[in-house]
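Listed here are the chains, written in short residue letters.
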Amino acid sequence: MTPRRTQRTAPALDRWAALPLPHRTRTPTRPPARPCGTGRLLELLGAATGTEPAWHPVRRPATVTGRALLERRSADPATLGHPPDGETVARLLHTAATAWPGGPAWCAAVATPAPALLAPGHHTATPYRLARGDARPSLAHWAAGQLWLADTGAALLAHGCPSDAPASQIRHDHLAAGFAAGTAHAHAAAEGINARPVGSWQQADLGAALGDTPGHDWVLHGLALGAAR
């Protein structure tokens, strides 16, 4: 018996990322108001838990077209070292903060023009400073040791959900954070900004780091940003 030869293949995610985008002649201008299958499933889940499903309109910038949704990709961390300009960070932060009504709060860790943690301003106003200093090394530690975060251009962070929150709020806040991160990711792609969602947060107590009560303001999700050089 001769030994079976094994052929080296690229990792599955690399093969998936290399696939060409589907050819579309047009983007639907009016998507269905309510996908029947999804709607029925939510109604059944609501009936089982004694709650009524709530439907919210999707909020997204005009630049986030169907094509932008198709073209977004998780950028290689090596492409995220160049900081986006302040106006771009402000726009993407506003998108994340307003994507889901009643979702968790969002902020941005930036390195330029001065290292700081920024919160979104009222409506489209300029973000205001929550804290001075470079939060990126702490983010790299909290995100399961993803050391590249310490050198990323900027990072958007969803935070909230206290430790004693009921299970329903924990589910809601994490789902809302993921949806907002996805919307901001598509917005970044539409503006030519590299972006990569960041999960695996461990003991990421943002509130305690800022001097507030521990266990009340956790990092739930993140989106790393880097401008094209």
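Treat the numbers as computed from the prediction; the structure is a model and nothing was measured.

Draft legend 1. Representation of the confidence of the model for the chain. In the predicted model, the chain carries a mean pLDDT of 84, and 76% of its residues have values of at least 70. In this model residues 1-7 is a low-confidence stretch, pLDDT under 50, and it forms zero contacts with partners more than four residues away in sequence or in other chains.

Draft legend 2. Expanded view of the environment of R229. Within the element layout of this structure, R229 appears in the segment after β6 (218-227). Sequence-wise, R229 and G81 are 148 residues apart; in three dimensions their C-alpha atoms are separated by 9.1 Å. Sequence-distant contacts of R229, that is, excluding residues within four places in its chain, are made with G81 and H82.

Draft legend 3. Inspection of the pattern of salt bridges at higher detail. Evaluation of the coordinates by the stated rule reveals two salt bridges. Among the ionic pairs, R91 bridges to E191, the shortest N-O distance being 2.8 Å. Taken together, the positions of R91 in helix α4 (residues 86-98) and E191 in the loop between α6 (167-190) and β5 (193-198) put the pair 100 residues apart, joining distant regions of the chain. R136 is paired through a salt bridge with D134; the nearest N and O atoms lie 2.9 Å apart. By relative accessible area, which is 34% here, D134 ends up partly exposed.

Draft legend 4. Expanded view of a nonpolar patch on the surface. A cluster of nonpolar side chains, Y128, L130 and L210, forms an exposed patch at the surface whose accessible area comes to about 270 Å². Mapping L210 onto the fold places it in the loop between α7 (206-209) and β6. L210 gets classed as partly exposed once you look at its relative accessible area, which sits at 35%.

Draft legend 5. Highlighting the sheet that holds strand β2 (residues 116-119). A sheet is described by the order of its strands in space; here six strands give the open sequence β3-β2-β1-β4-β6-β5, paired in antiparallel fashion. Edge positions in the sheet fall to β3 (128-132) and β5, since each of these pairs with one other strand and no more. Neighbouring strand axes in the sheet, compared pairwise and without regard to direction, differ in orientation by 25 degrees on average. As paired strands, strand β4 (residues 154-160) and β6 are joined by seven bridges and run antiparallel to one another. Of the residues in β6, the one forming a bridge with G160 is W218. Here α4 sits on the sheet in contact with β1 (105-110), β2, β4, β5 and β6, set at roughly 160 degrees to β1.

Draft legend 6. Region of the structure containing α6. Taking 1.5 Å of rise per residue, 24 residues should cover 34 Å, and α6 covers 35 Å from first to last C-alpha, within 8% of that figure. Every buried residue of α6 is listed here: D173, A176, A177, A180, A181, G182, T183, A184, H185, A186, H187 and A188. A positive backbone phi angle near 75 degrees is found at G192, which sits one or two residues after α6.

Draft legend 7. Representation of the pairing of β6 within the structure. When you tally the buried positions in β6, you get 10 out of 10 residues, the bulk of the element. As judged from the six bridges shared by β5 and β6, these two strands associate in the antiparallel manner. If you follow N194 over to β6, its bridge partner there is G226.

About the criteria used
- Residues numbered from 1 in each chain as written.
- Predicted model: local features only at pLDDT ≥ 70, side-chain atom pairs only at ≥ 80, totals over all residues.
- Heavy atoms only, no water.
- pLDDT = per-residue confidence, 0-100.
- Contact = heavy atoms within 4.5 Å.
- Helix = DSSP H or I, 4+ residues; strand = E, 2+ residues; numbered from the N terminus.
- Salt bridge = Lys/Arg side-chain N within 4 Å of Asp/Glu carboxyl O.
- Buried < 20%, exposed > 50% of the residue type's maximum accessible area, 1.4 Å probe, protein only.
- Patch = residues over 30% accessible without salt bridge, like charges linked within 9 Å, V, L, I, M, F, W, Y side chains within 5 Å.
- Areas by Shrake-Rupley, 256 points an atom, 1.4 Å probe, with all protein chains shown as cover.
- Pairing = 2+ DSSP bridges.
- Axes fitted to C-alpha atoms, helices over the stretch in contact; angles between N-to-C directions.
- Expected span 1.5 Å × (residues − 1).

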